[in-house]
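Given next are the chains, with one letter for each unit.
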Amino acid sequence: MLSSNNQIIHSNHEVAFEWKNGRRLSVQEDVAYILPSDQKEVDRLELNHKLWKNVLGGLFKSPLHEKLSKGIRVLDIGCGPGWWTLDMAHLYPNSEFVGIDMADVFIIEDIPSNVKFQILNAGTGLNYFEDESFDFVFQRFLVMGFPTDQYIRSVEEMKRILKPGGAIEILELVNEYKNAGPAFKNINLWINDALVARNMDSFVADKISTFLANADYQDIKDINYDVPIGAWGDYPGKLFLAIQRLALPAVKVMVTELTSITSEVYDANMEEAFKEVDVFNISTRFRLIYATK
């Protein structure tokens, strides 16, 4: 069913949510994503999008500018509010963009005519799309959304829906605070314990190139990024610190749900962690991998 603006597609299997401790969380068994889906997350994801436009010097790394200018079909998996999708659609008006996410948090004001958003669980819903129906598939930051086996299946499904010669690009977080003080080290440990409880892998980003190779993708490129946290890292560092101030309270939800860490212990540790950014040159590692079918 299409919404009144004809650009939001509602499926028959939409995800159920509930409010818990002031955050909106999925309560559906087939949804692995363990961060909230609410306005605070929308705000965090907007800052995250701004950060990565700055870090990358653009919106993507795949050599697709000419094809996008002429017009191709693009899928944004786990698009969240759709910041990347919307920016791309404005930049490449001849191309068609489809953004999918399990939560209806899409930004629909002044939505371009070449965009459609669809409420779909990325972990299980790619079978909705036909074989060889996209030229470019883009995905970022689902380390806390896909168990490892689901991540591998998703890579295989992305290949199925790509046209021959089509491109895939994945940007992923590594759960690793480098040069961390004691408080950030605790958060690293707690996040890892929470992910393990859901069969997720803190270091899945380091394995994506292997997943792509095993699925017979071609021309695989793998780029490492270290993004600073705090004023020592100039504009990106200050922006990433602002993101951390929204991310760590969101992460608290999964840590206190899936480990023995209490809310009080987490809050006290988080307060100490934000003091550490003035003492240590802390950064977080990311990997961007792109390839062709």
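Structural notes, computed from the coordinates. The numbers attached to residues start from 1 for each chain and follow its sequence in the written order. Note on the predicted model: pLDDT of at least 70 is required for a residue's local features to be given, and 80 or more for side-chain atom pairs to be given and counted; whole-chain, interface and lining totals, by contrast, use all residues. For the side-chain quantities, the full set of heavy atoms in the structure was used; hydrogens and water were omitted.

### Observations concerning the overall build of the protein chain
Moving on, step 1. Per the convention used, a helix needs a DSSP run of H or I reaching at least four residues, while a strand needs a run of E reaching at least two, with both numbered from the N terminus. A tally of regular secondary structure across the protein chain gives 8 helices and 10 strands.
Moving on, step 2. Taking contacts inside the protein chain between residues at least 6 apart in sequence as the whole, the part at least 24 apart equals 74%.
Moving on, step 3. Computed with a 1.4 Å probe, the accessible areas rest on the Shrake-Rupley method; for each residue, only the protein chains presented here act as cover. With the model as given, the accessible surface of the protein chain reaches about 13100 Å², and the carbon-plus-sulfur share is 49%. Should any heavy atoms of two residues lie within 4.5 Å, those residues are counted as being in contact.

### Concerning the side chain of N175
Moving on, step 1. With respect to the helices and strands, the residue N175 is situated in strand β8 (residues 162–178).
Moving on, step 2. Between buried and exposed lies partly exposed: a residue is buried under 20% and exposed over 50% of the maximum accessible area for its type, with that area taken using a 1.4 Å probe on protein chains only. The class of N175 is buried, set by a relative accessible area of 8%.
Moving on, step 3. A polar side-chain atom of N175 sits 2.9 Å from a polar atom in the side chain of N188.
Moving on, step 4. One polar contact links N175 to S202, side chain to side chain, over a distance of 2.9 Å. Side-chain atoms alone can form a polar contact between residues adjacent in sequence; in general such a contact is a pair of N or O atoms within 3.5 Å, and within protein one must be able to donate a hydrogen while the other accepts it.

### What to know about helix α4 (residues 148–161)
Every α-helical turn comprises 3.6 residues, leaving residues that sit three or four positions apart pointing alike.
Moving on, step 1. Multiply 1.5 Å by the residue count of a helix minus one, and that product is the helix's expected span. Given a rise of 1.5 Å per residue, 14 residues ought to cover 20 Å, and the 20 Å separating the end C-alpha atoms of α4 matches this to within 8%.
Moving on, step 2. The set of residues buried in α4 consists of Q150, Y151, S154, V155, M158 and I161. Down the axis of α4, the buried side of the element spans an arc of 145°, and every buried residue falls inside it.
Moving on, step 3. Residues of α4 that are buried make contact with β4 (73–77), β7 (134–140), β8 and α6 (208–214). Comment: arc refers to directions from the helix axis out to C-beta atoms.

### Considering helix α8 (residues 263–276)
Moving on, step 1. With 14 residues, α8 extends 20 Å between its outermost C-alpha atoms, agreeing within 8% with the 20 Å of an ideal straight helix rising 1.5 Å per residue.
Moving on, step 2. Taken residue by residue, α8 has Y266, N269, M270, A273, F274 and E276 as its buried positions. Buried residues along α8 cover an arc of 140° about the axis, so they all sit on one side.
Moving on, step 3. Where the residues of α8 are buried, they touch α5 (182–197) and α7 (234–258).

### Looking at the packing of aromatic side chains
Moving on, step 1. Aromatic rings from Phe, Tyr and Trp, taking only the six-membered ring of Trp, are treated as a pair when their centres fall within 6.5 Å; an angle between ring planes under 30 degrees marks them as stacked, one over 60 as edge-to-face, and anything in between as tilted. Within this structure, the stated rule accounts for 17 aromatic pairs.
Moving on, step 2. Consider the rings of F129 and F134, whose centres lie 5.3 Å apart with planes at 80°: the pair is edge-to-face.
Moving on, step 3. You can call F129 buried: its relative accessible area is 7%.
Moving on, step 4. Aromatic side chains F141 and F286 sit 5.9 Å apart centroid to centroid with 70° between the ring planes, which places their arrangement in the edge-to-face category. Taken together, the residues span a long stretch of sequence, with F141 in the loop between β7 and α4 and F286 in strand β10 (residues 283–292) at a distance of 145 residues.
Moving on, step 5. Owing to a relative accessible area of 3%, F286 belongs among the buried residues under this scheme.
Moving on, step 6. Ring pairing ties together the aromatic residues W52, F141, Y225, F240 and F286, which thus form one cluster.
Moving on, step 7. Note on geometry: a ring has a charge over it if NZ (lysine) or CZ (arginine) is within 6 Å of the ring centre and within 35 degrees of the ring normal. A cation over an aromatic ring shows up here: R245 above the ring of F274, its NZ or CZ 4.6 Å from the ring centre.

### So, the packing of α5 against α7
Moving on, step 1. As a packed pair, α5 and α7 sit with axes 9 Å apart at the nearest point and diverge in direction by 50°. Our classification of the angle between α5 and α7 gives oblique. Classified by chirality, the crossing of α7 by α5 is left-handed. In this structure, α5 uses F184, I187, W190, I191, A194, L195 and A197 to contact α7, whose residues at the interface are Q244, L248, V251, M254, V255 and L258.
Moving on, step 2. Residue polarity is assigned by list, with Asp, Glu, Lys and Arg as charged and Ala, Val, Leu, Ile, Met, Phe, Trp, Tyr, Cys and Pro as nonpolar; anything else, Gly included, falls into the polar class. Of the residues belonging to the contact of α5 with α7, the class tally is 12 nonpolar, 1 polar and no charged. In this analysis, axes come from line fits to C-alpha atoms, helices being fitted only over the stretch in contact, and the angle between any two N-to-C directions falls in the range 0 to 180 degrees. Note that the term roughly parallel is reserved for angles under 35 degrees, roughly antiparallel for angles over 145, roughly perpendicular for angles of 65 to 115, and oblique for everything else. Handedness of a crossing follows from how the near helix is turned relative to the far one, being left-handed for an anticlockwise turn of less than a right angle and right-handed for a clockwise one.

### Points about the pattern of salt bridges
Moving on, step 1. For this analysis, a salt bridge means a side-chain nitrogen from Lys or Arg found within 4 Å of a carboxyl oxygen belonging to Asp or Glu. Counting across every chain of the model gives 15 salt bridges.
Moving on, step 2. One salt bridge in this structure joins R287 and D206, with 2.7 Å as the shortest N-O distance. Taken as a pair, R287 in strand β10 and D206 in the loop between α5 and α6 lie far apart in primary sequence, 81 residues in all.
Moving on, step 3. Note on D206: relative accessible area 27%, which makes it partly exposed.
Moving on, step 4. Put simply, D267 and K252 hold a salt bridge, and the shortest N to O gap is 3.1 Å. Of this pair, D267 sits in helix α8 while K252 sits in helix α7; the two residues are 15 residues apart in sequence, bridging distant segments of the chain.

### Thoughts on the pairing of β7
The side chains of a regular strand alternate between both faces of the sheet.
Moving on, step 1. Buried residues dominate β7, accounting for 7 of its 7 residues.
Moving on, step 2. Across 4 bridges, β4 lies against β7 in parallel orientation. Across the sheet, the residue bridging to V74 is F136, located in β7.
Moving on, step 3. In this structure, β7 lies alongside β8, joined through 6 bridges in parallel fashion. Residue pairing in the sheet places R140 in a bridge with L171 of β8.
Moving on, step 4. Taking the sense of rotation as the criterion, the β-α-β connection linking β7, α4 and β8 turns out right-handed. In this scheme, strands are said to pair when DSSP sees at least two bridges between them. When the strands point away from the viewer, a crossover counts as right-handed if the route from the first strand across the helix to the second turns clockwise.

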